[in-house]
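Architecture and fold: a report
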Amino acid sequence: MKKIVVLISGNGSNLQAIIDNCNSGNINGEIACVISNKEDVYGIERAKASKIKTKIINEDAFQSRAHFDEGLFNLLLDINADLIVLAGFMKILDEKTANYFFGKIINIHPSLLPKYPGLNTHKKVIENKEKYHGVSVHYVSSQLDAGPLIAQGQIKVNKDKNTENLKERIHKVEHIIYPEVIKLICDNKIYLNLDKTVNLYTNDTKGFMHNSYEI
C-alpha cells in the first residue's frame, strides 16, 4: 500500500475524490497527511472528517518565501510519502523541492497542456473560441505546468456559455481522471522512465493516456 500526501489550498473536491477511492479500495494507498497553505479551507474539514492527519503551512508564519519553501521541503522529507499529490495547491513549488521529489509529485491542471499553463484557463479557452478543453495530469518539474504528461481528459466546449459552466464540467472530469491515475501509480502501472518519459504498463508503451468525456 502506497503512502500518499495531498497538498491543497481550498475546497478540496479532488481531495474528496481521492479519499473516496482510497476508502473503497479502488486506490491501493493511504493518505498519510493533507497539507494546506491556508487554515480556514473546507479541504481541511474533509480530511478531518475522514480522520486524516492535517498540517497547515502558511507563508505568513515564515520570515520569507525562501523560509516557507524550506519548511515545506522539510515537512515532505519527514512524511516520506511514496506519492505527493497536488490537488488545487496554489503555490508554485521551488526548484529544490521540485527537483528532489521529481517522479514522486503529480499535479492536475485545468487545460490540455501545453496549451494554457498557469491561471484563468477556462476564460482563455472561451475567449479563444477553442473547440475542446480538458485537464492534464503530469509529473511536476521545476518548470510551471511543464513536467511529463501522464493523462489528459477532453470535453467539447461548444455547449458552454460561461466560464462557471465550463469550470463545473472540468471539475467532473478531474474527479474521474485523477483518482484513476493515482490508482495506476499505486499499482505500479504508471511510472517515469530514466529518460523522463512516462511508461504506461497497461499498454506497455511510452506516452500518456488521452480520453474524451461526454460531460
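In this text the structure is predicted, and so the values were computed from the model without any measurement.

What follows deals with helix H6 (residues 163-186). Over its 24 residues, H6 extends 34 Å from the first C-alpha to the last, a length consistent with the 34 Å expected when each residue adds 1.5 Å. The opening residue of H6 is asparagine 162, an N-cap whose side-chain oxygen sits 3.1 Å from the backbone nitrogen of glutamate 164. Just beyond H6, the residue with positive phi is asparagine 188, at close to 60 degrees.

Turning our attention to helix H1 (residues 13-23). In terms of burial, H1 is largely enclosed, as eight of its eleven residues are buried. For H1, the full list of buried residues reads Asn14, Leu15, Gln16, Ala17, Ile18, Ile19, Asn21 and Cys22. Buried positions along H1 lie against strand S1 (2-8), strand S2 (29-36), helix H2 (42-49), strand S4 (83-86), strand S5 (105-109) and H6. Two residues or fewer past H1, glycine 25 is found with a positive phi of approximately 90 degrees.

Attention now goes to unusual backbone geometry. In this structure, the amide linkage connecting leucine 113 to the following residue, proline 114, adopts the cis form with an omega of 15 degrees. As for its placement among the helices and strands, proline 114 is situated in the loop between S5 and helix H5 (121-127). Unlike most non-glycine residues, asparagine 188 shows phi in positive territory, near 60 degrees. On the secondary structure map, asparagine 188 appears in the loop between H6 and strand S8 (190-192).

Rules used throughout
- Residues numbered from 1 in each chain as written.
- Predicted model: local features only at pLDDT ≥ 70, side-chain atom pairs only at ≥ 80, totals over all residues.
- Heavy atoms only, no water.
- Helix = DSSP H or I, 4+ residues; strand = E, 2+ residues; numbered from the N terminus.
- Expected span 1.5 Å × (residues − 1).
- Polar contact = N/O pair within 3.5 Å; in protein donor to acceptor, adjacent residues only side chain to side chain.
- Buried < 20%, exposed > 50% of the residue type's maximum accessible area, 1.4 Å probe, protein only.
- Contact = heavy atoms within 4.5 Å.

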